[in-house]
Each structure stands twice: as C-alpha cells, then as structure tokens.
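What follows is the residue order along each chain.
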Amino acid sequence: MQIAHIQLKHINFSDYSFSLLPESYPSEVSEKLKTSISHLGILHPPIVKADEQNFSYQIITGRKRLNTAYSLDFNCCCCLKLPFDLPYLETLNIVWEEALYSHSLSSLNQAVFFEKISKICSIKEIARLFLPLIDLPPSTDYINKKLQILRLDQPLQIALHKGRLNEQVSLELGRLPFSDRMALFEVIELLKLSAGNQKKLTRSCCELAARNRTTVLSILSQPKLAGIINSSNSNIPQKAGHFMKVLHEERYPRLTEAENDFRRFEAGLSLPANIRINHDPSFEKDELNLTITCPGRKELENILNKIRN
C-alpha cells in the first residue's frame, strides 16, 4: 500500500464492488462521525484502489468516512492506495480483515461478502479460508444460511444489520407469504421486541394461523391485538408485555385456564406474605411446592414445631 492524497472527485462512489452492504442499502451519514471529521479530519485512512483504466478509484474500505468527508465538501483525503493489479481475492481478503478487526461483522455484512467471493471460490473453499478467522468451524451450512439473508426484503435486511431483528427470526419470516411476513415485522418494529419475544411471536402466530386455517395477518389483525398496539394509555414495554400475554393465552387456552384456576385456588388460601406455593410448569402433575421464607433459624424451628404438632 502507498499513502496518497486523493481528490474526492476521482473516487467512484457508485462502485460497490467491495462494499459489505447491498448496493441498494441507503447511505447514511453519522452526525457523530461528521462532527469528528469536521474537527480533526479522517483519522483512520480509507483504502482505495485504482480501476483498470486508472481513471478513478474504487472504495475498498472506509465508504462511510469518505461519504461524510464528501458531504462536508472536502476536496481531498489521505488514503491508502492499493496496487491496481492486486488480485480480486486478495483485495476481498483485505476488506474482510479490515471489517473484522475494526468492528463486528453483522450477518448482512457476512452474507454480502460470501456472495461476492463465491464468484471466484467454492462454498467449501470460502468456509475453509474465512470461517476460522471468526472462530467458527469450516461449515458450508453456515455459508449457505448467511446467503439466504440476501433474499430478504430490504427493510428486514436493514433491521437485521442494525440488530433490531434476530437472524433466526428473519429467516423464518423469509419463508412466509409477503403479507404475513411484513405484518409480523411491523409488530416486531413497533413493539421493539427482544430476540426471545420475536421467536415467540413468530411461532405463536404461525401455529395459530395453521390451527385456525387462516393467515398470520388475520391473527394479528384481531381487534384485541390491534387495540393493544394502538393504545395511547401504555408505553412500548407495557404494550409488548400485554401483547405477548394475550397471544400466549390464545395459543395455550387450556394452560391459561389451568393457571387462572390455580390463581383462584391460591387466593382462597389467604396465605401469609412469607408463604408461596408453585405448581408444575405445565400442570402435568398435581404436585405443589410450598415455600416458606424465614428471617432466621429460630423462626424456622418454631414453624417446623407447629407443622409437627
């Protein structure tokens, strides 16, 4: 590599050959990065490479930094320039290494990288060369699973990249009809559901739709669920908790009835504050656990004597 001062007008911003995001991904300018570059310039030089005609430069790494500098009307930037004849595989290897050690690679980043390098390497070879670098065994299944991400709708890809959508859930959504997929995704986004609740939501809605021979969209459009989302009397965490509770009750009506019956039974016992009873998680057994909290050993001895008597 050589250090070079390159005019931004000579950089081809429309060339995404080495970007680890899809070309259609919306470009973003971070205000924090913008402030830093306006005060101090680019502290971590981007890597560029001259195209075959040597008329312009391709961005290898640092697209966000260069975009920000361009938005600030910088004329030129200090860059690391690769030899124009550096092989494509070696150039991609630099992209992978730079991304790996400067920030964590999202599932979308990995998917785009694997798709680009699959043009010159077999899936087996990609697994052998690159997965050990992220402490994973050379599994071709891992590569193929990541490549499925590229078939997702752009909103799902963006949410996955930003950490708002669980990868397993995104792939499950990808197998659903478009209307069902987007209805579930909208609920996930509106309620800011955790990964665990995203999985419960998806599986519950798919099970209910199959059981009732309807669509996931119809399940989510029920007035009682739509009313929770549209309520102005609750904040987002409260809505999420209430929504998941109602969905759980609808998915498991017998379990819900058993839980309600147990609560009525528990209330009828009028237990002191330091005594609790717990049932079997699925009510498969009639067994109950009685828990007594004691402030000390003497109190415990007194309680045991009463029980013995």
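As the structure is a prediction and not an experimental result, all values here were calculated from the model. (Residues numbered from 1 in each chain as written. Predicted model: local features only at pLDDT ≥ 70, side-chain atom pairs only at ≥ 80, totals over all residues. Heavy atoms only, no water.)

(A) Main features of the packing of aromatic side chains. With the rule as written, the count across this model stands at nine aromatic pairs. Linked through ring pairs, W96, F113, F114 and F130 together constitute an aromatic cluster. Sitting over the ring of Y16, R63 keeps its end group 4.0 Å from the ring centre. (Phe/Tyr/Trp six-rings, centres within 6.5 Å; stacked < 30°, edge-to-face > 60°. Lys NZ or Arg CZ within 6 Å of the ring centre and 35° of its normal.)

(B) Examining helix α6 (residues 140-147) more closely. Among all positions of α6, only I143, K146 and L147 are buried. Angular distribution of buried residues about the axis of α6 spans 100 degrees; they occupy a single face of the element. The inward-facing, buried residues of α6 contact α4 (107-117), α5 (123-130) and α8 (167-174). Here α6 starts with a cap whose side-chain oxygen sits 3.3 Å from the backbone nitrogen of D141, and that cap is S139. (Buried < 20%, exposed > 50% of the residue type's maximum accessible area, 1.4 Å probe, protein only. Helix = DSSP H or I, 4+ residues; strand = E, 2+ residues; numbered from the N terminus. Arc of directions from axis to C-beta. Contact = heavy atoms within 4.5 Å. Polar contact = N/O pair within 3.5 Å; in protein donor to acceptor, adjacent residues only side chain to side chain.)

(C) Here's a closer look at the packing of helix α9 (residues 178-191) against helix α13 (residues 236-251). Running from amino to carboxyl end, α9 crosses α13 at an angle of 135 degrees, the nearest separation of the two axes being 9 Å. In this view, α9 runs oblique relative to α13, as classed from their interaxial angle. Residue-level inspection shows V187, L190 and L191 of α9 in contact with α13, the latter providing I236, K239, A240 and F243. Partitioning the contact of α9 with α13 into residue classes produces six nonpolar, no polar and one charged. (Axes fitted to C-alpha atoms, helices over the stretch in contact; angles between N-to-C directions. Parallel < 35°, antiparallel > 145°, perpendicular 65-115°, else oblique. Nonpolar A, V, L, I, M, F, W, Y, C, P; charged D, E, K, R; others polar.)

(D) Highlighting the sheet that holds strand β2 (residues 47-50). The strand order β1-β4-β2-β3 describes an open sheet built from four strands, whose pairing is mixed. Across the chains shown, the open sheet's two edge strands, defined by having one partner strand only, are β1 (2-7) and β3 (57-61). Put simply, the sheet's adjacent strands are angled 50 degrees from each other on average, direction ignored. Summarising the sheet, β2 and β3 pair through four bridges and their orientation is antiparallel. Directly across from I47, in β3, lies its bridge partner T61. Docked against the sheet, helix α2 (residues 63-71) engages β2, β3 and β4 (76-82), running at close to 125 degrees with respect to β3. Sheet strands touched by helix α3 (residues 88-102): β2, β3 and β4. Its angle to β3, the strand with the most contacts, is close to 40 degrees. (Pairing = 2+ DSSP bridges.)

(E) Inspection of the environment of L33 at higher detail. Relative to the elements of secondary structure, L33 occurs in helix α1 (residues 31-40). For the pair formed by L33 and A69, sequence separation is 36 residues and the distance between their alpha carbons is 9.5 Å. The contacts of L33, once residues within four sequence positions are left out, are K64, R65 and T68.

(F) Up close: helix α12 (residues 223-230). All buried positions along α12 are accounted for by L225, I228 and I229. Seen from one end, α12 has its buried residues packed into an arc of 95 degrees, which puts them on one side. Projecting away from the buried face of α12 at angles above 90 degrees are the exposed residues P223 and N230.

(G) Spotlight on the environment of N278. Along the chain, the position of N278 falls in strand β5 (residues 275-279). When sequence neighbours within four positions are dropped, the list of residues in contact with N278 reads F262, E287, L288, N289 and T291.

(H) Local environment of the pattern of salt bridges. Scanning the model with the defined rule gives 12 salt bridges in all. Note that R211 and E207 form a salt bridge whose closest N and O atoms lie 2.8 Å from each other. On the criterion of helical spacing, the pair formed by R211 and E207 is a turn pair, its members being four residues apart in helix α10 (residues 195-212). Residue classification places R211 among the partly exposed residues on the basis of a relative accessible area of 41%. E207 gets classed as partly exposed once you look at its relative accessible area, which sits at 31%. One salt bridge connects K224 with E250, and the closest N-O pair in it is separated by 3.5 Å. Taken as a pair, K224 in helix α12 and E250 in helix α13 lie far apart in primary sequence, 26 residues in all. Salt bridges here are not isolated pairs; linked through shared partners, they connect E207, R211 and R251. (Salt bridge = Lys/Arg side-chain N within 4 Å of Asp/Glu carboxyl O.)

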